[in-house]
Amino acid sequence: METKDPKKHRKKNSGPKAEKKKKRHLQALQLGDEEDARKRNPKAFAVQSAVRMARSFHRTQDLKTKKHHIPVVDRTPVEPPPIVVVVMGPPKVGKSTLIQCLIRNFTRQKLTEIRGPVTIVSGKKRRLTIIECGCDINMMIDLAKVADLALMLIDASFGFEMETFEFLNICQVHGFPKIMGVLTHLDSFKYNKQLKKTKKRLKHRFWTEVYPGAKLFYLSGMVHGEYQNQEIHNLGRFITVMKFRPLTWQTSHPYILADRMEDLTNPEDIRTNIKCDRKVSLYGYLRGGHLKNKSQIHIPGVGDFVVSDVSFLPDPCALPEQQKKRCLNEKEKLVYAPFSGVGGVLYDKDAVYVDLGGSHGFQESEEVRPTHELVQSLISTHSTIDAKMASSRVTLFSDSKPLGSEDIDNQGLWMPKEEKQVDLKTGRVRRKAIFGDEEDESGDSDDEDNKEMSEGDRLENSSSDDETEEGEDAEMTGKQYMSGKGIKRQKLEMEEDIEVDLPAFADSDDDLERSSVEEATEEDDESIEEEDSTAEEERDILESKAVREGGKPGLLQTNDLSDSLNLEKSLTMKKATLTTSDSGHCTAEEAFASEDESEENSSLSTEEEDSENEEVIRKKFPKPSQVVSSQKLVSESLIDETSDIEDLLREEEDYKEENNYSTETSGALKWKEDLSRKAAEAFLRQQQTTPNLRKLIYGTVTEDNEEEDGDTKEELGGLFRVSQSASECKHKADSLDCSRFHVEVPHDWDLEEVMNSIRDCFVTGKWEEDKDAAKILAEDEELYGDFEDLETGDVHKGKSGPDTQVEDVEEEVKEIDPNAEESAKKKHLDKKRKLKEMFDAEYDEGENTYFDDLKGEMQKQAQLNRAEFEDQDDEARVQYEGFRPGMYVRIEIENVPCEFVLNFDPHYPVILGGLGNSEGNVGYVQMRLKKHRWYKKILKSRDPVIFSVGWRRFQTIPLYYIEDHNGRQRLLKYTPQHMHCGATFWGPITPQGTGFLAIQSVSGIMADFRIAATGVVLDLDKSIKIVKKLKLTGFPYKIFKNTSFIKGMFNSALEVAKFEGAVIRTVSGIRGQIKKALRAPEGAFRATFEDKLLMSDIVFMRTWYPVSVPAFYNPVTSLLKPAGEKDTWSGMRTTGQLRLSHGIKLKASKDSLYKPVVRQKKHFNSLHIPKALQKALPFKSKPKTQAKAGKIPKDRLRPAVIREPHERKILALLDALSTVHSEKMKKAKEQRHLHNKEHFKVKQKEEEEKLKRQKDLRKKLYRIQGQKERRNQKSSLKGPGEQLK
Amino acid sequence: MATQAHSLSYAGCNFLRQRLVLSTLSGRPVKIRKIRARDDNPGLRDFEASFIRLLDKITNGSRIEINQTGTTLYYQPGLLYGGSVEHDCSILRSIGYYLESLLCLAPFMKHPLRIVLRGVTNDQVDPSVDVLKATALPLLKQFGIDGESFELKIVRRGMLPGGGGEVLFSCPVRKVLKPIQLTDPGKIRRIRGMAYSVRVSPQMANRIVDSARSILNKFIPDIYIYTDHMKGVNAGRSPGFGLWLVAETTNGTFLSAELVSNHQGQGAAVLPEDLGRNCAKLLLEEIHRGGCVDSTNQSLALLLMTLGQQDVSKVLLGPLSPYTIEFLRHLKSFFQIMFKIETKPCGEELKGGDKVLMTCVGIGFSNLSKTLK
């Protein structure tokens, strides 16, 4: 056997292992510890050339700046609308299958027939609206405008099809949404290599179209008629995590992809006239910008409409409420597709439709839809609203007394309230307890405080997850909590009787705790609700809701919310309370403290009673409030337990409540009690002031609607209709139009108090707390108070601030004050933070670029946009900012053509695109246009073309033009082949910068690429200035030297007068000018030229004639066509098409006809040179055509000589001899020549030698001469004395 | 066919400017009927006709139809064109009447507007050119309308009844406006002003200055009131004198007041001392009203807020003038926009009367006239 030499092992030179080895090696050499080459070898990195350094710096800066996009304000709503995923592809490529698979992947439901958009919840924060797009170009155009993501399905076994490229180009024009390719039919490849090759080829082609690196997804094959689960899952993941760039058109216009349509027309009208205009309501998620009521919209394929009514509805496919979990549970995986008949509950303005889905569908749908609860509860109510109203009660705050309907009247309780006071010395906020009659002044501030607190609550609810989780098991956490903070708390309680001024932030602590409890109870609430849905429970919930609705109108929304929460909480807490203890105290204590502490607490409550009398300024403790709340909980729970003896129990409960007050309310608690009333009062006051101003300006909402009609308000134009009489209004309507606001009752500015009323408006007046220079200075001093001058060694001691003084005092009072300690700590932290901020500000100052500033500004604006209307309820919010994107809205539209309803096909998308101001108007639109390089023909001016601009698709007649260097817009007959040109049409005004595309026909399927041209809108105007060239021709009829009389160019002297001074030209290029009209032939004129004309010359003048654009605008109404024929819309035909269809041939002018070219033989005349010239010419140039020798007369002809043979011999010999001689002579001459040459060479050599010799001699001579001279010079330099020597 | 935006209909000649300006900006046609229908002299007045003519000059493609008596006006707006324009204003109203509307329209032209207005510069009815220069221009700057060519120059001063004033106004073009947040007016740090006199003794101006200072000095020492005495052809055709004052705050807010003498043949002569004192008091009154925008420019600020991007703008105003209130109603009918109106009661601070905080989300207006290059 032959032993083959095995391959030698090769050392690895790269890869992680090799790196490691290298490192180890270096370490062994004591080199590796310095990983930074810059540190190891600083010389190599030193600046070699300043210029290169500058260049490289410049380059990096350039690159950095290139990366920047112009920052835009982020206007994405807090709860964004579902993302529109358009699944596009040629027929039979697997679109429907993919959609089905995706829906099944996200919702575990299988939709057999999909019509129209399907909305699903795909993740915690994302919903998708999936819609299929066929290859009808109308649909492709419409969907490209609303798509956020386009899934382009490509049949890999076939390759790319025209539709794919068309859709890509449409997308490009309309803003380019995200695009992802999906390759299907990959199982049809037999060989792996072929598959790989195809994938690669398709991928690279796709990249050239979209962008290098665009995602192309592979769906390898089908299993049981569906794609593989894992691949679909991956695709779904890709979609759910995808990020989107905002597109200009989409973000600046509101739009809706309707997923439901209803005909609201009066049936009687339809019966009498089946073709009457319809009233239609359309439903869908609002996307893009804010939609305002009564604004204009465009429905592509139908036309322009004015929104007659908009209302928002509860979200039919809502996102899950809490976001704690990692994934969705089954009941949150919703699907909504009314066109396909999926989606359970349908909301209307005045009705709710429940799709029960057959006899077995009921339980399932209940599981799926949380909104069913409401419906269920509505069905299962027994008692009337009035009864519930009477029995219902409202809690404004978690620890306040629940209010029954009978409680509202007798509210005049006399209890201490809290008033915020600012301690001048310390700057702390103290809360003074005052009594009811003083409360009016302090109401406001308290109200604000209350709001703040509730907000804080909310904040904590949302943010502190760990806390809420902690609170899930009330008892457990209570103990834990105690172990953490117990000691401190105990001490506080012990010291309660002592007058202690505690810092204000303690009460936030309190809030925090309470919120945690609330959270816990909420949690419980939910869980319980889920577990046992007995009728009683549901009724309770209902009650709470009824209370909310029937409650005082003056309640704040937030209070409302907390009320309902409290009620629900109490309901659900009852079980626990009943099982754990017999009295309310115990449960509360258990939640927060151990048994012994509860005893302490009860004693505390009595102590508190005393303290109340003393009117002590005291801290609000968490404990008592908890106690009260628990008390209330119990009482509530008791009531709720049995509904038939409600009244009786309520009395009992009232009694209990009173007891509570008498025994347990401290100052703090009473403050709490009053808050509710104060809040209500404050709100009422607010209601009286602000809405009055609003009402004064805008009137009530109903009146608004009347005003909007415009035509209806005949008399006054909506002026002061609310408050003023007609006569007054009349007077007002014609009064002086002046913007100045005259002072009706001037103040007396000589009075001191009047003057004082504006004192603070001046810099000389008093400043606010945070801006007062003295205060800021003091703060600074506090910050930099203590310092040591290092040079002199002096130690400067800052003034010990008032805070520290107080601290000292406190320290005297008691040894350890934990809160004081805390405050000190906090102060220290504050100081540190401030220092750090200052340092940061200083440090970053150099880094802050213009770009950063701009970005920061935008971010700030975005935050403000979000925050401004956040706290208002949707009804009010909608009025101010319009319907915001993300809402599910219902839009009513009137005067819709009946075909829209009759021929409705849910497969076709219905898009409601909002129009901006004056985008509904028409005018001339100028744009930059380029014929698409794949379109085979060029476009002709005045041929109708279908444009897709903005939301619209319409047919119009464009004129093409090109701009000359002097700004003249010259009409073109055809578009250039490979160049941009201008185009103008008469049509809807669309903002500048909007992209557009043109197609020649939307009907049927054309063989080639359908997109004829693309471009961008440049300008909008009400007039155009496109001109075409017009040449006027005339003929000279009399010619003087340079002046000629021209006729035939004009018809009258008047016309000539108009063109006096105009430039004219002959065909041969002689330029001239029109001078003056002539009398004789009408329209003739005198003109001067730069040269004399010929009678055969044609004179012409170039003029420019303005052309008009035909006012033709014809929207493509493809949606009105009958189902199945929606892709057959054909508008105005071109002249060519008309001729073709009617068989009319174009009559060509005779001159334009082609004839066979017959070339005549060219005949040239001979050149004649005059005799005189011939004489003068040199002989060389003289014509050599000698006259032919004339015939020699016979007598002159010499006779031929015939030699004798002898003579002939002699002649031959002589010839031979002469030849020999001449040959000899020739040789001799050559010889001589050679000899001469040689001789010449020798001579030359000799000559050279001679010259050389002479040169040498001369050299020698010169040298000697030079030496002599030098010597002489030297001696002369040395002076005469030297010379003498 | 795109439906032409349905037209709005009004009655009466009041607020004619607002309606026409908003119509031009929103592109919605407007019909105004019963213009002084019951009056002895019915129909449009000269100054209104002049205003309509001015609108026609600065727009392209506007359609204006007026019936025979002039009691009905139909206005279908075209696109704002701009460019170099000259206009002779009617002397029944001062140039301020025309300029107020031009300030609203000028930023949205196709070509930057450069207009020469001739007429009365100062009268007792309208805000004078000086005050607009001192208050409205800084306000526009807050919205990002700024540049070298942004100026308002008083070439000649013309008083009633002769007129003869000349004003040059030029304004650059903007595609979009910036949102503003003017919620804190700051504190007044200085007071400036100008006492002007034409065709009267130059001493008048000095007398005005002294009396005005006597009032204002109690509040702030930084007061400077210029005197401006125009002569010859620059002084217009009629005699008169007046004073305007403007208070500037630390945050760049300008509050103004002005007073003009009675013109020739109108009532009793006014003493310059009285005029100075009254004007100073008017300024105090304006300061008492307060806000970040003075009372004459409220509507301008609100309009520019409306025409902003889809962002929240806020402005703190003094009490709303009747003109502004009507303007808000018009804004609602033309742009479907409602302002959130919150009254801010003055607390214990001595800062004058109650303020109103106006908040709105811009409609995302963009200048449709401007050419894209």
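Residues numbered from 1 in each chain as written. Chains lettered and ligands numbered in written order. Predicted model: local features only at pLDDT ≥ 70, side-chain atom pairs only at ≥ 80, totals over all residues. Heavy atoms only, no water.

Peer 1: Looking at this structure, how should I read the overall build of chain A?
Peer 2: Summing up its helical and strand segments, chain A has 38 helices and 39 strands in all. The buried share among the 1285 residues of chain A stands at 42%. Within chain A, contacts between residues at least 6 apart in sequence are counted, and of these 72% link residues at least 24 apart. Surface summary for chain A: the accessible area is close to 77700 Å², and the carbon and sulfur share equals 54%. (Helix = DSSP H or I, 4+ residues; strand = E, 2+ residues; numbered from the N terminus. Buried < 20%, exposed > 50% of the residue type's maximum accessible area, 1.4 Å probe, protein only. Contact = heavy atoms within 4.5 Å. Areas by Shrake-Rupley, 256 points an atom, 1.4 Å probe, with all protein chains shown as cover.)

Peer 1: Would you explain the overall build of chain B in this entry?
Peer 2: Secondary structure summary: chain B contains eight helices and 18 strands in total. Relative to its 373 residues, chain B shows a buried fraction of 65%. A total of about 12200 Å² of accessible surface is found on chain B, and carbon and sulfur atoms cover 49% of it.

Peer 1: Is there a simple way to think about the packing of aromatic side chains in this case?
Peer 2: How two aromatic rings sit relative to each other is given by the distance of their centres and the angle of their planes. All names here are of chain A. Under the counting rule described, the total for this entry stands at 30 aromatic pairs over all chains. Judged by centre distance (5.7 Å) and plane angle (70°), the rings of Trp-249 and Trp-951 are edge-to-face. Here Trp-249, found in helix 9 (residues 248-252), pairs with Trp-951, found in the loop between strand 26 (945-949) and strand 27 (952-956); they are 702 residues apart in sequence, far enough to count as distant. Exposure remark for Trp-249: the relative accessible area of 16% places this residue in the buried category. Ring pairing ties together the aromatic residues Phe-947, Phe-954, Phe-985, Phe-996 and Tyr-1113, which thus form one cluster. Across the ring face of Tyr-218, the terminal group of Lys-199 is positioned such that the distance to the ring centre comes to 4.5 Å. For Arg-260, the ring lying beneath its charged end belongs to Tyr-283, and the centroid distance is 4.0 Å. (Phe/Tyr/Trp six-rings, centres within 6.5 Å; stacked < 30°, edge-to-face > 60°. Lys NZ or Arg CZ within 6 Å of the ring centre and 35° of its normal.)

Peer 1: Mind showing me how you'd approach the packing of helix 2 (residues 46-58) of chain B against helix 3 (residues 95-105) of chain B here?
Peer 2: For any two helices packed against each other, one specifies the inter-axial angle together with the distance between the axes. Residues and elements named next belong to chain B. Across the interface, helix 2 lies against helix 3 with an axial gap of 11 Å and an inter-helix angle of 30°. With respect to helix 3, the axis of helix 2 lies roughly parallel. For the pair helix 2 and helix 3, the crossing hand works out as right-handed. Contact with helix 2, carried on its side by Phe-47, Glu-48, Ser-50, Phe-51, Leu-54, Leu-55 and Ile-58, involves Tyr-97, Tyr-98, Ser-101, Leu-102 and Leu-105 of helix 3 and no other residues of that element. (Axes fitted to C-alpha atoms, helices over the stretch in contact; angles between N-to-C directions. Parallel < 35°, antiparallel > 145°, perpendicular 65-115°, else oblique. Left-handed = near helix turned anticlockwise from the far one by under 90°.)

Peer 1: What should I look at first to understand helix 7 (residues 192-209) of chain A in this one?
Peer 2: Residues that lie three or four places apart on an α-helix share one face, since the helix turns once every 3.6 residues. Residue and element names in this part refer to chain A. Its 18 residues give helix 7 an end-to-end C-alpha distance of 26 Å, which sits within 8% of 26 Å, the value for a rise of 1.5 Å per residue. Within helix 7, burial applies to Leu-195, Thr-198, Leu-202, Phe-206 and Glu-209. An end-on view of helix 7 places all buried positions within 65° of arc, on one side of the element. Along helix 7, exposed side chains directed more than 90 degrees from the buried face belong to Lys-193, Lys-196, Lys-197, Lys-200, Arg-201 and Thr-208. In the core, the buried residues of helix 7 are packed alongside strand 4 (149-155), helix 6 (162-173), strand 5 (178-184) and strand 6 (216-218). (Expected span 1.5 Å × (residues − 1). Arc of directions from axis to C-beta.)

Peer 1: Looking at this structure, how should I read unusual backbone geometry?
Peer 2: Glycine aside, residues mostly have negative phi, and peptide bonds are mostly found in the trans state. Residue and element names in this part refer to chain B. Following Leu-160, the chain continues to Pro-161 via a peptide bond in cis, the omega torsion being 0°. For Pro-161, the location among the structural elements is in the loop between strand 9 (151-156) and strand 10 (165-171). If you check the backbone angles, Phe-15 has positive phi at about 60° while not being a glycine. Considering the arrangement of structural elements, one finds Phe-15 in the loop between strand 1 (8-11) and helix 1 (16-26). Note on Phe-15: relative accessible area 4%, which makes it buried. Here Lys-34, not a glycine, exhibits a phi torsion of approximately 55°, which is positive. As for its placement among the helices and strands, Lys-34 is situated in the loop between strand 2 (30-33) and helix 2.

Peer 1: Can you walk me through the interface of chain A and chain B in this structure?
Peer 2: How big an interface is tends to be stated in terms of accessible area lost as the parts join. Counting residues at the interface gives 91 residues for chain A and 104 residues for chain B. Between chain A and chain B, roughly 8900 Å² of surface is buried when both sides are summed, and carbon and sulfur atoms account for 54% of that area. The tally of links between chain A and chain B comes to eight salt bridges. Linking chain A to chain B there are 36 residue pairs in polar contact (both at pLDDT 80 or more). Of the residues assigned to the side of chain A that touches chain B, the class counts are 34 nonpolar, 29 polar and 28 charged. (Buried area = accessible area lost by both parts, 1.4 Å probe. Salt bridge = Lys/Arg side-chain N within 4 Å of Asp/Glu carboxyl O. Polar contact = N/O pair within 3.5 Å; in protein donor to acceptor, adjacent residues only side chain to side chain. Nonpolar A, V, L, I, M, F, W, Y, C, P; charged D, E, K, R; others polar.)

Peer 1: What is the right way to read a negative patch on the surface from this model?
Peer 2: Residue and element names in this part refer to chain A. Negative charge collects at one region of the surface, where Glu-1246, Glu-1247, Glu-1248 and Glu-1249 lie side by side. Checked against the element boundaries, Glu-1247 lands in helix 37 (residues 1205-1278). Given a relative accessible area of 45%, Glu-1247 falls into the partly exposed group. (Patch = residues over 30% accessible without salt bridge, like charges linked within 9 Å, V, L, I, M, F, W, Y side chains within 5 Å. Lys, Arg positive; Asp, Glu negative; His and termini not counted. Charge placed at Lys NZ, Arg CZ, Asp CG, Glu CD.)

Peer 1: Looking at this structure, I do not really get the sheet that holds strand 4 of chain A. What am I missing?
Peer 2: Remark on secondary structure: sheet strands pair via backbone hydrogen bonds, oriented parallel or antiparallel. Residues and elements named next belong to chain A. Spatial strand order, 6-5-4-1-3-2-14: seven strands in an open sheet with mixed pairing. Every interior strand has two partners, whereas the edge strands, strand 6 and strand 14 (335-336), have only one. In the packing of helix 4 (residues 95-107) onto the sheet, the strands contacted are strand 1 (83-88), strand 2 (118-121), strand 3 (127-133), strand 4 and strand 14, and the crossing angle to strand 3 comes to about 165°. Packed onto the sheet, helix 6 meets strand 1, strand 3, strand 4 and strand 5 and runs at close to 165° relative to strand 4. (Pairing = 2+ DSSP bridges.)

Peer 1: Honestly, the state of the cysteines in this entry has me stumped. Any pointers?
Peer 2: Simply put, disulfide is the name for a covalent bond between the sulfur atoms of two cysteines. Residues and elements named next belong to chain A. Enumeration according to the criterion identifies zero disulfides over all chains in this entry. Not engaged in a disulfide, the cysteine Cys-276 finds its nearest cysteine sulfur in Cys-898; these two sulfurs lie 7.2 Å apart. Residue Cys-276 is classed as buried on the basis of its relative accessible area of 12%. (Disulfide = S-S within 2.5 Å.)

Peer 1: Could you clarify how one ought to interpret the pattern of salt bridges in this entry?
Peer 2: Two side chains with opposite charge may pair up if their charged atoms get near one another. A full pass over the atoms with the stated rule returns 48 salt bridges over all chains. Glu226(A) is paired through a salt bridge with Arg104(A); the nearest N and O atoms lie 3.1 Å apart. Residue Glu226(A) is located in strand 8 (residues 226-227), and its partner Arg104(A) is located in helix 4; the two are separated by 122 residues in the primary sequence. Glu226(A) gets classed as buried once you look at its relative accessible area, which sits at 13%. Take Arg104(A): its relative accessible area is 26%, and that puts it in the partly exposed class. Glu892(A) is paired through a salt bridge with Arg890(A); the nearest N and O atoms lie 2.7 Å apart. Note on accessibility: Glu892(A) and Arg890(A) belong to one class, buried. Counted as one network, the salt bridges with shared partners bring together Glu86(B), Asp88(B), Arg118(B), Arg156(B) and Glu166(B).

Peer 1: I keep staring at helix 6 (residues 272-289) of chain B and nothing clicks. Help me out?
Peer 2: Residue and element names in this part refer to chain B. Taking 1.5 Å per residue as the helical rise, helix 6 with its 18 residues ought to reach 26 Å, and the 26 Å between its terminal C-alpha atoms agrees with that figure. Among the residues making up helix 6, those that are buried are Pro-272, Leu-275, Gly-276, Cys-279, Ala-280, Leu-283, Leu-284, Glu-285, Glu-286, Ile-287, His-288 and Arg-289. On its buried side, helix 6 packs onto strand 12 (188-198), helix 5 (203-216), strand 14 (240-249), strand 15 (254-260) and strand 18 (355-361). Looking one or two places after helix 6, you find Gly-290, whose phi comes out positive at around 75°.

Peer 1: Looking at this model, I keep getting lost on the pairing of strand 33 (residues 1026-1039) of chain A. Mind explaining?
Peer 2: Across a regular strand the side chains alternate sides, sitting on one face of the sheet and then on the other. Residue and element names in this part refer to chain A. Examined bridge by bridge, strand 29 (residues 969-972) and strand 33 share two bridges and lie parallel to one another. Looking at strand 33, one finds that Gln-969 is bridged to Ile-1026. Alignment of strand 33 against strand 38 (residues 1099-1106), held across eight bridges, turns out to be antiparallel. Considered in strand 38, the bridge of Thr-1033 is made with Phe-1100. Strand direction decides the pairing type here: strand 33 and strand 34 (residues 1043-1047), joined by four bridges, are antiparallel. Opposite Lys-1038, over in strand 34, you have Phe-1045 as the bridge partner. Hairpin connection from strand 33 to strand 34: three residues lie between these consecutive antiparallel strands.

Peer 1: Help me understand the sheet that holds strand 16 (residues 312-317) of chain B, please; the structure alone is not making it clear to me.
Peer 2: All names here are of chain B. Pairing within the open sheet is mixed, and its four strands lie in the order 11-16-18-17. Each edge of the open sheet carries a strand with a single partner, namely strand 11 (181-182) and strand 17 (340-344). Pairing of strand 17 with strand 18, which is carried by five bridges, proceeds in the antiparallel orientation. Bridging from a neighbouring strand, Glu-342 pairs with Leu-357 of strand 18. Along the sheet, helix 7 (residues 298-306) contacts strand 16 and strand 18; its crossing angle with strand 16, the most-contacted strand, is approximately 170°.

Keep in mind that these numbers describe shape and distance, not what the molecule does.
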